[in-house]
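Structure at a glance
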Amino acid sequence: MSSILFRLGRFSFRHKWWVIVAWIAALVITGSLVNAMQPKFSKDFELPGTDGGTAMTQLEEYFPAANKAQSQASTTVVIGAEDGLAAHTAEIDKLVTGLQSLPKATKDAIVNPVTAAAAAPQMASAVLGDEGRVGLITVPQGIDLMDVKLESKTELLDVLEKHRVNGLQVEATGGVMSAQEQGGAAEMIGFAIAFVIMIVAFGALIAAFIPLVTGIVGVGLTMMLVTLSAEWISVNQSATGIITMLGIAVSIDYALFIVSRYRSEINRGGSREDAAGRAVGTAGTAVVFAGLTVVIAVAALMVIGLPFITQMGLGAALAIIVAVLAALTFIPALLGAFGRFAFSPRIPWLRHGDADESTETFGVKFGSMVVKRPVVFIVAGLAILIAAALPIKGMQIGMDTTTDDEVAAQELVAKGFGEGVAGPLVAVMHTDNGTIDNAANAAVTQIAKLPGVASPDALMWMGNGTTDPKNPNVGANSAIIQIVPKTAPSAPETHDLVEDIRGIAGDIEKQGASIHVGGQTAIMSDLSAKLDKALIPYLVVVVGLAFLIMIGVFRSLWVPLIGTVGFLFSVLATFGITTWIFTDGALGMIDHTKPIIAFLPIFLIGVVFGLAMDYQVFLVTRMREEYMHGMSAKEAIVAGYRHGSRVVTSAAIIMISVFAAFMLAPDTTAKMMGFALAIAVFFDAFIIRMIVVPAVISLLGDRAWGLPKWLDKLVVDFDIEGSKVRDRGIDETTETLVADAEALEAK
């Protein structure tokens, strides 16, 4: 493979303008197609194969009006006053008038709960709670929930703010409150930090700029390809965030490795064209296999069986593939275009190029210490990770989608009406044999007896019959029952209630009907359960395939095993510290604690495992390369630090910076994702890859680099250390010089 990549790198360098034009043309063509077709991302959230998914499908089919109502923005405004809402009737009337003036608001449905309760005492408990100190105002607007803009939320918040006077608390949840600020700031911050780090790494402006250009082009092309695909297949908008996040980080990282190796190869001698070929043939081989491990890790998210997660995985895999192709072709072309100016203008106070073999850099000194006292570093590194993992015992998994600016409203609702009001369950029933009456009545009776139901006496069913307009239940073949749990949507007791309701399905089937439980709370419960079930198969697929690839890359059993076990330590530490910060509320980093979002563990495992193997490949392959070219096992480790520690450190800091920038988002969930990914890369890159793995390899010595004879015959030699191209161009230059000298001597 190294020979093929050598030729590809040299070709791209030699035919630089053709390659650059080809990349720009691909960008322009896809951009033009996107602009012409105007494809749109899907915003539907589907859970095929789950009971909640079936319930929502039936709701859409048999109750189209109710389903449409659920798809429209309906915000719940919650008001509270310690001296009773009746004392604030005049101000509440003004609030209602303001809410009725909102765009597309259904004015007749927006009423003062105090006056409504007085007019209909039998309905008072539905709008007033806590002995009249808490009230609910429903604000329906003719805006599709999937099209809610931040402008609608701002308009609502402006109205609420005007009426927070004289002890009247006014909050809101649901509906337009789901709107969030558009992304973009985090990406720009990530790019800026990456540029600064690359200036330090290369000591030159143009060399630092080249990976940045590659990242922009690679991510831009990926996003346009993903957008274009939405013309023919359903692509959820939620998939775009991780594609952008990973695409930026990986594109810059891979470019960083190629440019750094190119600089080293220039210093070794030969033409720049051959140096580019050798850089792609050596570091490029590592990029290919590192990229392959990430592609496997994210594409394997398909095994979960959830469309939006599958789309995230496949979109991220496409971003990685584009990043690898750009590193192998676009980077050498850009290096060729800049020629001898690639590493200028130089920053005078920064180091330029690799240190010579006699210089003891910080990386060399640190590597020497690790090799000299490997046991100390192994124990210290693992002790840090174990300490970080301790809070994992309190880890809670859930799908609390409440944003920070909805927390106050949710607390008021819980105070006045109980925690479960925020997450009602919807049981959908259907029969193909006559009417639903008997089955629905039986279901209501059984559900009312369940311990987790908040108001069993208020349970009733509504049918889809049309025989009598005054009584829609007549002739109905389908029914819906709304159940309010006693506990919060993310509470384990609420999940138990969902399963208890589904537990009566057998009795309902005996009456010729079916029952399925839906609603956001049930769907989130199903999502958590499906993710938990998929975790082990996913780990087997990802770790198994990556382990086999690593055997081929390192031609060793020990190195892949050490890397994989080390990854488990870093993941446990990540879960522990994330729980400590976001669930336990340590250090005051967040205002409102939350359980770990359900899809974070499996998603983090996939992404971080792929990135972990990146750093394993980039650092350890250089150690293997030096070992295969004659160094002792311990000398090779120190040489690996000499040539790779600065680049790997820079790459890891870039990755951490890109992920950590997402912590600036206003939403706690986004902060949690950014923090978990950033701290995972920190633990894995700096503790496992830079300390523990080299220390264990040092203990193993020569045994680390070898395969059993029977396995050695079966494993393909990928030449990851670039033996076939290591001196290409240098040997030819030397031979030419010798020949010229001999010819001169002959004359």
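Residues numbered from 1 in each chain as written. Predicted model: local features only at pLDDT ≥ 70, side-chain atom pairs only at ≥ 80, totals over all residues. Heavy atoms only, no water.

Focus on the overall build of the protein chain
For clarity, the threshold we go by: Helix numbering and strand numbering both begin at the N terminus, where a helix is a DSSP run of H or I of at least 4 residues and a strand a DSSP run of E of at least 2. Under the scheme applied here, a residue whose accessible area is under 20% of the maximum for its type counts as buried, over 50% as exposed, and between as partly exposed, the area being computed with a 1.4 Å probe on protein chains only. Two residues qualify as a contact provided that any one of their heavy atoms is within 4.5 Å of a heavy atom in the partner residue. Residue exposure ignores everything except the shown protein chains as possible cover, and the areas themselves are Shrake-Rupley values with a 1.4 Å probe. Positive charges are assigned to Lys and Arg, negative charges to Asp and Glu, while His and the chain termini are left out of the count. Where a charge sits is defined by one atom per residue type, namely NZ (Lys), CZ (Arg), CG (Asp) or CD (Glu).
Within the protein chain, the secondary structure is distributed over 26 helices and ten strands. Considering only C-alpha atoms, the protein chain reaches an extent of 115 × 50 × 50 Å along its principal axes. In the protein chain, which comprises 747 residues, the proportion classed as buried is 55%. Intrachain contacts of the protein chain at a sequence separation of at least 6 include 82% that bridge at least 24 residues. About 31,700 Å² of surface is accessible on the protein chain, with carbon and sulfur atoms providing 62% of the total. Counting 51 positive and 68 negative side-chain charges, the protein chain places the centres of these two groups 10 Å from one another.

A word on the confidence of the model for the protein chain
Condition: On a range of 0 to 100, pLDDT expresses the predictor's confidence in each residue.
Looking at the protein chain as a whole, the pLDDT averages 83, with 90% of positions reaching at least 70. Per-element mean pLDDT across the protein chain ranges from 49 in helix α26 (residues 730–746) up to 95 in helix α15 (residues 374–389). This model gives residues 733–742 a pLDDT under 50, and the stretch forms one contact once residues within four places in sequence are excluded.

Some points on the nonpolar core
Looking at soluble globular proteins, one finds that nonpolar side chains tend to be buried together. Selection rule: Only buried residues count toward a nonpolar core. Its members are Ala, Val, Leu, Ile, Met, Phe, Trp, Tyr and Cys residues joined through side-chain atoms within 4.5 Å.
Core analysis: the largest hydrophobic core is formed by 171 residues, its most contacted members being M198, L246, Y254, L531, F659 and I697. Apart from residues no more than four positions distant in its own chain, I697 is found in contact with V559, I562, V620, I637, A704 and W705. The next biggest cluster of nonpolar side chains, apart from the first, holds 27 residues, and it includes I447, L459, A476 and A479.

Side note on the sheet that holds strand β6 (residues 425–431)
As a reminder, the rule being used: For two strands to pair, DSSP has to find at least two bridges joining them. An axis is simply a line fitted to the C-alpha atoms; with a helix, the fit covers only the stretch in contact. Between two such axes, the angle follows the N-to-C directions and lies from 0 to 180 degrees.
Ordered in space as β7-β8-β6-β9, the four strands form an open sheet in which the pairing is antiparallel. Each having just a single partner strand, β7 (461–463) and β9 (513–518) make up the two edges of the open sheet. Strand after strand, the sheet turns through a mean of 20° between neighbouring axes, direction not considered. Each of β6, β7, β8 (478–483) and β9 is contacted by helix α17 (residues 437–448), which is oriented at about 15° to β8, the strand it contacts most.

Some words on the packing of aromatic side chains
Our working rule: Only centres within 6.5 Å qualify two rings of Phe, Tyr or Trp (six-membered ring in Trp) as a pair; their planes then separate them into stacked at under 30 degrees, edge-to-face at over 60, and tilted for everything else.
Tallying each qualifying case throughout the model produces ten aromatic pairs. Judged by centre distance (5.6 Å) and plane angle (50°), the ring pair of F682 and F686 falls under tilted. Here F686 and F682 lie together in helix α24 (residues 668–700), a separation of four residues that amounts to about one turn. We classify F682 as partly exposed; its relative accessible area is 36%.

As for the sheet that holds strand β1 (residues 72–80)
Strands sit in the order β2-β3-β1-β4 across an open sheet of four strands; the sheet is antiparallel. Looking at strand neighbours, the two that pair on one side only are β2 (128–129) and β4 (169–173), the edges of this open sheet. This element, helix α8 (residues 150–162), spans β1, β3 (134–144) and β4 of the sheet and lies at about 160° to β4. Docked against the sheet, helix α16 (residues 407–417) engages β1, β2, β3 and β4, running at close to 105° with respect to β4.

Regarding helix α2 (residues 16–37)
For an α-helix, the turn length of 3.6 residues means that residues three or four places apart are oriented alike. Short version of the rule: Each residue after the first adds 1.5 Å to the expected span of a helix. The reported arc concerns the directions from the helix axis to the C-beta atoms and nothing else.
Taking 1.5 Å of rise per residue, the 22 residues of α2 would be expected to cover 32 Å, and the 32 Å separating its terminal C-alpha atoms lies within 8% of that figure. Taken together, the buried positions of α2 are occupied by V19, I20, W23, T30 and V34. Relative to the axis of α2, the buried residues are bounded by an arc of 110° and lie together on one face. α2 presents W17, W18, I29, N35 and A36 as exposed residues on the side facing more than 90 degrees away from its buried surface. Here the buried face of α2 lies against α1 (2–14), α10 (205–229) and α13 (307–338).

Some remarks on the pairing of β6
Consecutive side chains of a regular strand alternate in pointing toward one face of the sheet and then the other. In terms of burial, β6 is largely enclosed, as seven of its seven residues are buried. Residues L425, A427, M429 and T431 line one face of β6 and the alternating positions V426, V428 and H430 line the opposite face, and both faces are buried. Bridge count between β6 and β8: six bridges; the pairing is antiparallel. In the strand pairing of β8, A427 is matched with I481. Two elements, β6 and β9, share six bridges in a ladder whose sense is antiparallel. Considered in β9, the bridge of V428 is made with H516.

What about the pattern of salt bridges?
Any two side chains of opposite charge can pair, so long as their charged atoms come close to each other. Counted only if it meets this: Here a salt bridge means any side-chain nitrogen of Lys or Arg lying within 4 Å of a carboxyl oxygen belonging to Asp or Glu.
Summed over the entire model, instances satisfying the criterion amount to 15 salt bridges. One salt bridge in this structure joins R164 and E161, with 2.7 Å as the shortest N-O distance. Accessibility expressed as a relative area gives 32% for R164, which makes it partly exposed. We note a salt bridge from E171 to R164, for which the minimum N-O separation is 3.3 Å. For E171, a relative accessible area of 14% corresponds to the buried category. The network of salt bridges with common partners includes E82, D130, E131, R133 and K415.

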